[in-house]
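Listed here are the chains, written in short residue letters.
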Amino acid sequence: MALHGSSLRSLPRRKQLNMALLAIFSGHFFVTPAMAEHIDVPEIEISSERYAPLPTLSNTTFDTSILQRLKVNTNDTASMLGNQPGISLYGAGGVSSLPAIHGLADDRVRQKVDGMDLISSCANHMNPPLSYIDPANVSQLKVFAGVTPVSMGGDSIAGTIQVESVAPEFAQPGHDSLVKARVGGFYRSNNDAVGGSISATLANENLSVRYTGTTVDANNYHAAKKFKPSGLAAWGRGWLDGDEVGSSAYEAHNHQLAIAARHDNHLLDVKLGWQHIPYQGFPNQRMDMTENDSKQFNLRYTGVFDWGQLQAAAYHERTRHSMQFGDDKLYWYGMKHNVAGMPMDTKGRNTGASLKADVLLNTRDLLRVGAEYQRYRLDDWWDPVANAAPMMGPDVFWNINNGKRDRYAAFAEWEALWNPEWTTQLGLRHETVKADAGRVQGYSNNPMAMGMDYGDPANPASIPGAFNAADRSKTDHNWDATAALRFTPDAMQTYEAGYAMKTRSPNLYERYAWSNNNSMVMNMNNWYGDGNGYVGNLNLDPEKAHTLSLAADWHDASKREWQVRVAPYYTYVQDYIDAVPCSSVHQGCPAGMAARQDGFVNLSLDNQSARLYGVDISGQMLLAENTGFGSFSASGVINYVRGKNRDTHDDLYNIMPLNATLALQHRYGQWSNMLQAKLVTSKDHVQAVRKELRTAGYGIVNFYTSYSWQHAQLDLGIENLFDKSYDNPLGGAYIGQGNTMGSGATAPQYGTQVPGMGRSFNVGLTVDF
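For the structure given in this document, a descriptive report is provided here. (Residues numbered from 1 in each chain as written. Predicted model: local features only at pLDDT ≥ 70, side-chain atom pairs only at ≥ 80, totals over all residues. Heavy atoms only, no water.)

1. Thoughts on the overall build of the chain
Right, so step 1: Counting secondary structure elements, the chain contains seven helices and 35 strands.
Right, so step 2: Here the C-alpha atoms of the chain give a radius of gyration of 26 Å, agreeing with the 27 Å that 2.2 N^0.38 yields for 769 residues.
Right, so step 3: C-alpha extents for the chain along the principal axes are approximately 85 × 55 × 50 Å.
Right, so step 4: Looking at the 769 residues of the chain, the share that counts as buried comes to 59%.
Right, so step 5: Taking all contacts inside the chain whose residues are at least 6 apart in sequence as the whole, residues at least 24 apart take part in 70%. (Helix = DSSP H or I, 4+ residues; strand = E, 2+ residues; numbered from the N terminus. Rg over C-alpha atoms; globule rule 2.2 N^0.38 Å. Buried < 20%, exposed > 50% of the residue type's maximum accessible area, 1.4 Å probe, protein only. Contact = heavy atoms within 4.5 Å.)

2. A word on the state of the cysteines
Right, so step 1: A complete count under the given rule lists one disulfide for this structure.
Right, so step 2: Sulfur-sulfur distance for the disulfide between C582 and C589 comes to 2.0 Å. Judged by the sign of its S-S torsion, about -70°, the bond between C582 and C589 is left-handed.
Right, so step 3: Exposure remark for C582: the relative accessible area of 2% places this residue in the buried category. (Disulfide = S-S within 2.5 Å.)

3. Description of the pattern of salt bridges
Right, so step 1: Per the counting criterion, the structure on display carries 38 salt bridges.
Right, so step 2: Linking D117 and R110 is a salt bridge whose minimum nitrogen-to-oxygen distance equals 2.7 Å.
Right, so step 3: The exposure class assigned to D117 is buried, which follows from its relative accessible area of 9%.
Right, so step 4: Of the residues examined, R110 reaches a relative accessible area of 4% and is grouped as buried.
Right, so step 5: Residues E510 and R504 are paired through a salt bridge, measuring 3.2 Å at the closest nitrogen-oxygen approach. Pair check on accessibility: E510 and R504 agree, each one buried.
Right, so step 6: One salt-bridge network, held together by shared partners, links R110, K112, D117, D155, E372, R405, R407, R429 and E431. (Salt bridge = Lys/Arg side-chain N within 4 Å of Asp/Glu carboxyl O.)

4. Quick word on the side chain of K474
Right, so step 1: Structurally, K474 can be placed in strand β24 (residues 474-490).
Right, so step 2: Put simply, K474 is tucked away with no salt bridge, and the nearest opposite charge, on D471, sits 5.4 Å away.
Right, so step 3: Among the polar contacts listed, one links the side chain of K474 to the backbone oxygen of L538, at a separation of 3.3 Å.
Right, so step 4: Sequence-distant contacts of K474, defined by excluding residues within four places in its chain, comprise V433, K434, A435, R511, Y512, L538 and N539. (Lys, Arg positive; Asp, Glu negative; His and termini not counted. Polar contact = N/O pair within 3.5 Å; in protein donor to acceptor, adjacent residues only side chain to side chain.)

5. Overview of the packing of aromatic side chains
Right, so step 1: For the structure shown, the criterion picks out 21 aromatic pairs.
Right, so step 2: Relative to W398, the ring of W381 lies with its centre 6.0 Å away and its plane at 40°, an arrangement referred to as tilted. In this pair, W381 sits in strand β21 (residues 365-382) while W398 sits in strand β22 (residues 397-417), placing the two residues 17 residues apart along the sequence.
Right, so step 3: Among the residues examined, W398 registers a relative accessible area of 23% and is labelled partly exposed.
Right, so step 4: Over the ring of Y750 we find K691; its NZ or CZ atom is 4.5 Å from the centre of that ring. (Phe/Tyr/Trp six-rings, centres within 6.5 Å; stacked < 30°, edge-to-face > 60°. Lys NZ or Arg CZ within 6 Å of the ring centre and 35° of its normal.)

6. Observations concerning the sheet that holds strand β3 (residues 98-101)
Right, so step 1: Strand order in the open sheet formed by three strands is β2-β3-β4, with antiparallel pairing between adjacent strands. The two strands at the open ends of the sheet, each matched to only one other strand, are β2 (87-90) and β4 (104-105).
Right, so step 2: Relative to β4, β3 runs antiparallel, the two being bridged by two bridges. Directly across from I101, in β4, lies its bridge partner L104. (Pairing = 2+ DSSP bridges.)

7. A short note on the pairing of β2
Right, so step 1: Of the two faces of β2, the one lined by I87 and L89 and the one lined by S88 and Y90 are each fully buried.
Right, so step 2: Both β2 and β3 contribute to a ladder of four bridges, which runs antiparallel. Looking at β3, one finds that Y90 is bridged to L98.

8. Re unusual backbone geometry
Right, so step 1: A cis geometry characterises the amide bond from G393 onward to P394, with omega recorded as 10°.
Right, so step 2: Of note, P394 is situated in the loop between β21 and β22.
Right, so step 3: Phi is positive for N387, which is not a glycine, with a value near 65°.
Right, so step 4: Mapped onto the elements of the fold, N387 is located in the loop between β21 and β22.

9. Here's the deal with the environment of H477
Right, so step 1: Position of H477 among the secondary structure elements: in strand β24.
Right, so step 2: Placed 45 residues apart in sequence, H477 and T432 show a C-alpha to C-alpha distance of 4.7 Å.

10. Quick notes on the pairing of strand β7 (residues 138-145)
Right, so step 1: For β7, the tally of buried residues reaches six of eight residues, placing the bulk of the element in the interior.
Right, so step 2: Pairing of strand β1 (residues 59-61) with β7, which is carried by three bridges, proceeds in the antiparallel orientation. The residue of β7 that forms the bridge with T61 is K142.
Right, so step 3: The pairing of β7 with strand β8 (residues 159-165) spans seven bridges and is classified as antiparallel. Within β8, the residue paired with Q140 across the bridge is E164.

11. Some points on the nonpolar core
Right, so step 1: Core analysis: the largest hydrophobic core is formed by 65 residues, its most contacted members being M342 and M524.
Right, so step 2: Once residues lying within four places of it in the same chain are set aside, the contact partners of M342 are M287, M323, Q324, F325, W382, V385, M392, Y443, M520, M524 and M741. (Core = buried A, V, L, I, M, F, W, Y, C linked by side-chain atoms within 4.5 Å.)

12. A closer look at the sheet that holds strand β6 (residues 116-117)
The strands making up a sheet are joined through hydrogen bonds of the backbone, oriented either antiparallel or parallel.
Right, so step 1: On the basis of which strands lie adjacent, the open sheet formed by five strands has the order β1-β7-β8-β5-β6 and mixed pairing. Looking at the sheet topology across the chains shown, the edges are occupied by β1 and β6.
Right, so step 2: Pairing analysis gives five bridges linking strand β5 (residues 109-113) to β8, with the strands arranged parallel. Residue R110 lies in a different strand from β8, and its bridge partner there is T160.

13. Considerations on the environment of P590
Right, so step 1: Residue placement: P590 occurs in the loop between β28 (562-581) and β29 (602-624).
Right, so step 2: For the pair P590 and L272, spaced 318 residues apart in sequence, the C-alpha to C-alpha distance is 46 Å.
Right, so step 3: Here P590 is in contact with N516, N517, N518, S519, M522, A595 and N602, once residues within four sequence places are set aside.

14. What to know about the side chain of N399
Right, so step 1: One can find N399 in strand β22.
Right, so step 2: Not counting residues within four places of it along the chain, the set of residues in contact with N399 comprises A123, D380, W382, V440, Y509, Y512, W514 and N525.

15. Remarks on a nonpolar patch on the surface
Right, so step 1: Taken together, the side chains of V183, I198, L207, V209, Y211, L257, I259, L272, F297 and F769 make up a nonpolar region of the molecular surface, amounting to roughly 810 Å² of accessible area.
Right, so step 2: Contributions of two or more residues to the nonpolar patch are made by β11 (207-218) and β14 (250-263).
Right, so step 3: The dominant element in the nonpolar patch, judged by the number of residues it contributes, is β11, at three residues.
Right, so step 4: Note that F297 resides in strand β16 (residues 288-305).
Right, so step 5: The exposure class of F297 is partly exposed, given its relative accessible area of 37%. (Patch = residues over 30% accessible without salt bridge, like charges linked within 9 Å, V, L, I, M, F, W, Y side chains within 5 Å. Areas by Shrake-Rupley, 256 points an atom, 1.4 Å probe, with all protein chains shown as cover.)

As structure tokens, this is what we get:
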């Protein structure tokens, strides 16, 4: 959002000065560099990039040209981050990858969509926060890695990802109205993905209305070569070729209506969102998503005053989520094939509010203060299955009943611009996190039905009764603190150093998933994609991470000709929540005849300690320009992270091996091209307790080209140009077909990694009106 330069020049001189200082400190709220040129503020250098909030060298912001290319080639917003410093992605469904920052993933990363703290309401985390916005509606992506300011962090230990949809647009002063529209479509050959988007804006100088709608429908994708035998996916199901990745098809629809009003230096923005996903397969989960409906209401206010700026927000989001065995997984069970699957349902309600003020104390000091509140409720139940009693009936199985997780936060952050060379930032944040859950029960109260978590839920001797008798109410008092320093000796180099203490409380599934003596039930509580079974732990403590980071940026004075960034980091995590053998936490874990026969294991969670360290290296160079053939440039990113459990000396799970992304870019007028290589070493450091699979190193090549006209753009791409076969290091265990409910000899067997996608020809066309 930006206010017009004419509005700025009409302000009193003191307010002009304050808004210029806000641009210096915050960089992206009100004053763009072009507007700053028109503000007459003597003796102050208006450079929003140089004085953006600390730290900056370990952060990533995408430019519009990169976003446009990414939008054509994916419908998974998280995957747009995949080639950036410090970022890796856990494989999941077609629109639901889980981002990791420096080896810490999922809920350890704070993920905000239009300022909303969304939560995955699913025992498999099939609906993570970034899945609620389609790439076509993304206008801004920001990653704050490692030492994240307390004003942008909270309830996370890895960093923060901020995604913003298209900002409101208004008619220029003196113009009656603004009317514009954009229509786009795409096709991707590997999985026959077809989709499109439409947006329309109608606005005058003070009121703006915008609608955005997106849709996509995709089949299973194919690996470059066979990785399993061809055959029926399951009894009564269709045929799967050996190179076809079962349960990877998906369909998704997203709609958003945005209404904004502005007056002088005040902006009020209301967004109404609706998502409908009829199905989304998951090749590394026992179940598939068979419905995900979400409704969102989001209200935000921003205003500029003599003393600084004020931001306020409130939102409410409701999710209704269902899981069942999809088209590639066995649906009819029992000797007579008359047991119809296993319905699993969740309902999440998420309400939040925030208030933040940027107070300009003087020309040197900026004070940020704020408060946040979040109220989250979750119900997770599994209806009885016909013809399955007493094993899966006659009662409703309550996985989580009336789960509660409420956060109350306050923070203060002081940023000081001592001189053009030195900037410092200190921040302190406190959060109170309250969690609780109601009484649970199994499919049956019959104590004679063995092995399925039966028994009287009122009897403490039974498994549900023991959980019900326990103290389930938890209150955590969490502290975050940051200290950062930036030194800019001249126009060609910048250095930063920082320390952060960050705290995250366990999520509801980590604490309250209770069934510990049934492999089938434990299989269904898995948000890691490793094929194993899990049960929570009521006694988990919050994770506390201590991070030290350094960063150096060397560049030419204009940052056009060359730039190199190096950012090493070290993180120690106290009370790290990691997997442990089920029997080390719970009595009665499956054993003997009830033990697994599929090679996977049953696990629980416990607090241990861990360390992670690594380095992010990125750079770019202008190779040639004005050659008669356009300009040529090169860029590259190298990521390395290593993670170790200090208590068990085991490796941490799903740590991306050393990898590099190298690109050669060419631009000639309206025509642009990119040849990109992704190189990944073998994954040899794997976690033994989860039986994590090793993967071989590989390299793939992608090619992208686009041509722009005044009102249209054509994008073409070939991903995995040479059809290279490889296993996705973070793809998880392949269990995308067959008898996925079971854990016996007929269930999917341990030992196959989810493969990467083979060659795909992609095309997209966008037209503006």
